[in-house]
Each structure stands twice: as C-alpha cells, then as structure tokens.
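Fold and geometry: a report
The residues making up each chain are set out below.
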Amino acid sequence: MQNEQPFIAVAKGDGIGAEIMDAVIHIFDRAKVPLWYEYIDMGKSIYEAGHSTGMTPDARKAVETYGILFKGPMETPKGKGVKSINVTARKVWNTYANKRVFKTLSGVDTVFSRAGIPIDITVVRENIEDTYGGIEHQLTQDVALCRRFITRPGSLQVHRYAFEMAKKKGARRITCGHKANIMKLTDGLFLETFYEVAKDYPGMRADDVIVDDLCMKLVTRPNEFDVVVLPNLQGDIVSDLCAGLVGGLGFAPSANIGDSVCIFEAVHGTAPDITGQGIANPTALLLSGLMLLRHTGLMEEAALIENALLRTLEDGIHTADFGNAGTASSSTTAFAEAIIARFGEMPVHSKPVIPIPAPMVSFSADRPKEQVLLQSGVHKTQLLNGADLFVEYNGQPNALAESLSALLPADWQLTTISNRGTQVWPTGSLLTNCVNQYRVRVEKAATATITATAIFDWCKTVETVARICSVEMLLLIDGKQGYSLAQGQ
Ligand code: NAD
C-alpha cells in the first residue's frame, strides 16, 4: 500500500541518545530521505516528570499512528519500582521478533577480519516472553522466584518471522538456540515449534544447537552460522556475544518487528561514561536507521548511505571506540560529515550495496479494534490431577512430609518434596542444602482428576503446618505430564 504520509516517530533517548540521533538524522536529511519526523518524549526525564510508563500519552499516540519508532537508547531509573521503557515499548506494541544483524565491516579490525573470516549472522530474538515477562515474586525473605512464559502462539510467531526473513535473505542455514535439555517444557516448546515451522521451508537447512555449545561455536567458527533464532534472554546474551565478534556494540543494529509497530534502535545502551563528550559512535544507530529505510521501501537512500558508510570505514575514519589507535579519532559529528562527504562513493574492499527496488510501505493501516487473541489451534485434553504447593517451612523435609501425610485426603498421594528443584523426600541426599521454602507435590492416585476447589480446601489444612507461598496446578495434557519431575525424582 502506498504511504501518502511517511511520518515516523523519533525518540532521541537518554545519555548519548541525542548526540547519535542528531548525527543520524543529519545524514538522512543530507541524503534527502523522504520521511517526516515527529519527535516524541520517552525515557528517563519522562519517568521523572511522573509518567510511570516512561512515555507521554502523545508519544504513545504518535507511535501507534505511524507504526514506526526510531529510538535512541533509554535509561530506566534504578530502584524506583518502574519497568524498563525499552522492554515496555517492545512488549506493549507486540514487537515479537528482535532482528539483530552482525556483519563484518571492512575497516573495523577484529580477530576474524584479520584472519580473513567473514561474519554475517542475523540473530532473531523472541521479544515478548521468557523471563522478560518480568513476573517475579519474593516467596519468603530468603527466596525469590521468576516465572518464565514460553507460549506456542508466541513461539510460532517469532519462528515464522525468522524463517520468512531467512528465505528473503537467501540464508543457507537457520539454527535454533535453546536449553531444551534442561528446560524440557519451556525451551522444549520453543524447539518443537521451530521444527513445526521448518516443515513449511523444505529448502532451508534447519538445525538446533544447545545455547552453551552455540556460544562456543560462535566464537570459534562464526562463519558457519547464518540466521540464529533464540528465546528472549538467551537471545539477549548471544547477540551481545555476536556484537563482540564484529567489533563491539558500536556496530550492532536492531529492528523490533511487530504486525502494527516496528521499533528500530541500536543494541547498545546510553553509554553514561561518554555522554556529553561528543565522541559516541553513531554507526549502530545509523545501521538501525538503514534497516528502517529498507523496511519502508527506501532502498536507494539506504544504499547511498550504506556505501558511503562502508567507504568511510575503509578510509580509516573512526570514533574513539574502534579503529587504529595511531590515527586521530573523529567526533560523532565529524564522523557523520565524513559519511556525507562520501555520498556517491563505493567501498573498494567490500561488495557495494546494490538497491533492489521496492514499493514504499505503510504501517499505519488496519489497527485492530480489540486485543488479538493468539490461538495455536491445537486441541488437546487437559486433566487436573494434582498440585505443587510452594510452602515456607523452617524444618527438615522428613518432618514436613510426616505432618502433611497425616493431613492427606484418602485417595491423594504425596509424591515428592523438593527444595530449589531437587528432590529431598521420599529419597534424596543429606548433602543437598535446603532453604526455607519447599515444593510439595500432591497427586490423585492413578490418573484420576482432582478439582481446584479440593486443592484450595486442602491448602487451608496445610496452613496449620506451613505457610502457603503459591500453588501451581498439575495438568495431564493428552495423558502426558504437563509438569517437570524434581531433580533426582
Ligand atoms: P552501554 O551499552 O550503554 O555501554 C557499554 C559500554 O559500551 C560503555 O563503555 C559505553 O561507553 C560503550 N558504548 C555503548 N555504545 C557506544 C557507542 N555508540 N559509541 C561508543 N561507545 C559505546 O551499556 P550499560 O553501560 O550497561 O548501560 C547503560 C544504560 O543503558 C543503562 O541504564 C541500561 O539500562 C541502558 N540500556 C538501554 C538499552 C536500550 O535503550 N535499548 C540497551 C542497553 C542498555
């Protein structure tokens, strides 16, 4: 669809944000990029002005109207009980895939460029779920718990994006990073859905690597990887590792992709240690801006700027964070001017970027009238057959088991008691240290069902022995346990 009003929302951000965003917009202006910018208020100063989400209502409206946010890094005030603006923005607008591109740039000296090993890795990080749900509770004064959501529809969304993007990129390989060997239900679901989507792309080599092994392989043989898709937290860590492979955070751009809103930002933060000195490297934000231009169909302008950037780097122009320490470093503005001065020039040592014509795209149409309910369409039977009670108890596991067994309804079984995930009753090791919070599992004999009301009624009895911290229901899904065993069970 042709966009008649190519407006985008721009938030400069905190710390070095204004310095690098001004430099990038200046480059865009000089390249005659046909976009209009609405500058919006988001970030630390907006929190401090009393907006608990870190953005003004006008800012939210602009982003939801234009569908594109170009943002500088933002700081979340520490210790004020507020959520990260960066994570909030990604989640509120359902930007479910975070695409991060890590590419060898000639002129940027790295271990791999010196060895003649080219790197071109795109990390797709799931952007909504996982521990980034930020659902944390203190169960006792000694014990904190974080819940980790991995959902079938959410995983399918990010995998479909990753495969489609890999196909467009002409990728030879797509790899799922995970920890399904340990987290069989959560990472297991992420991995299972990866292979479900892979079936629709028979021409693409799809494989998986456990995330710790992936890290080792990335630093020893990065050129073997192409597109890598990961759950949120693992994707965050692996993408900073990949930034290190290509010269550091100054060269790591990202796009947060959603169906209604896309957010383009550098991977790095506000760099408080160099703020106000005019020495920040604008390359990562500029590369994020080039992703934005290509997303909106501005291929010619993106190619003009990218070729000039590549030539600038090849010519040895650098900011203080990279490049030849023997040559003077450029300020942020001088670096931007050096790029502008090379408009029309091509890189000599790397392949010039040839623009592929594309129509201008609109992102401001077809807003949903109500929340979209993501449903995977999978129908399985669900039977409730027990519960895990998380209790505060300051004694030995045997004493807890003895007290609770005496209170059990006739056809219920106390199957396991664990501490920090390790079984300590009916069997266990005296060498397992315990904290003052146990997980007590009760199940109905055989596979009979139990009611939630019965469980809650029993909780009242349990409270005479130990304080209930929380309750998790145990489901049999198509007859299979929808819950993990305790370690050692
Ligand atoms: P950081 O990325 O800001 O800085 C890490 C190091 O990299 C610092 O030494 C910094 O000087 C350097 N660096 C980063 N960007 C640079 C650039 N463009 N040019 C030259 N050097 C650069 O990480 P941090 O110090 O851990 O975080 C600082 C703040 O940024 C925190 O408040 C954090 O929450 C926030 N943050 C925001 C985002 C975001 O907006 N998406 C991402 C990460 C961190």
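As the structure is a computational prediction, the values presented were derived from the model and not from experiment. (Residues numbered from 1 in each chain as written. Predicted model: local features only at pLDDT ≥ 70, side-chain atom pairs only at ≥ 80, totals over all residues. Heavy atoms only, no water.)

1. Re the sheet that holds strand β14 (residues 412-419)
The pairing of strands in a sheet happens through backbone hydrogen bonds and is either parallel or antiparallel. Across the sheet, which stays open at both edges, the six strands sit in the order β15-β14-β16-β13-β17-β18 with antiparallel pairing between neighbours. Unpaired on one side and paired on the other, β15 (422-425) and β18 (480-481) mark the two borders of the sheet. Two elements, β14 and strand β16 (residues 437-444), share seven bridges in a ladder whose sense is antiparallel. Bridge assignment links Ile417 to a residue of β16, and that residue is Val440. Strands β13 (382-392), β14, β15 and β16 of the sheet are contacted by helix α13 (residues 397-405), whose axis makes an angle of about 160° with β14. (Pairing = 2+ DSSP bridges. Helix = DSSP H or I, 4+ residues; strand = E, 2+ residues; numbered from the N terminus. Contact = heavy atoms within 4.5 Å. Axes fitted to C-alpha atoms, helices over the stretch in contact; angles between N-to-C directions.)

2. As for the pairing of strand β2 (residues 36-39)
With four bridges connecting them, strand β1 (residues 7-11) and β2 associate as parallel partners. Pairing of Ala9 across the sheet is with Glu38, part of β2. Between the parallel elements β1 and β2, the chain passes through helix α1 (residues 17-30) in a crossover that is right-handed. (Right-handed = clockwise from strand over helix to strand, strands pointing away.)

3. Re the pattern of salt bridges
Within the structure shown, the criterion is met by 31 salt bridges. With a shortest N-O distance of 3.1 Å, Asp109 and Arg114 are connected by a salt bridge. Given the relative accessible area of 60%, Arg114 is considered exposed. In this structure, Glu472 and Arg147 form a salt bridge, with 2.3 Å as the shortest nitrogen-oxygen distance. Highlighted residues: Glu472 in strand β17 (residues 467-477) and Arg147 in strand β7 (residues 143-149), separated in sequence by 325 residues. (Salt bridge = Lys/Arg side-chain N within 4 Å of Asp/Glu carboxyl O. Buried < 20%, exposed > 50% of the residue type's maximum accessible area, 1.4 Å probe, protein only.)

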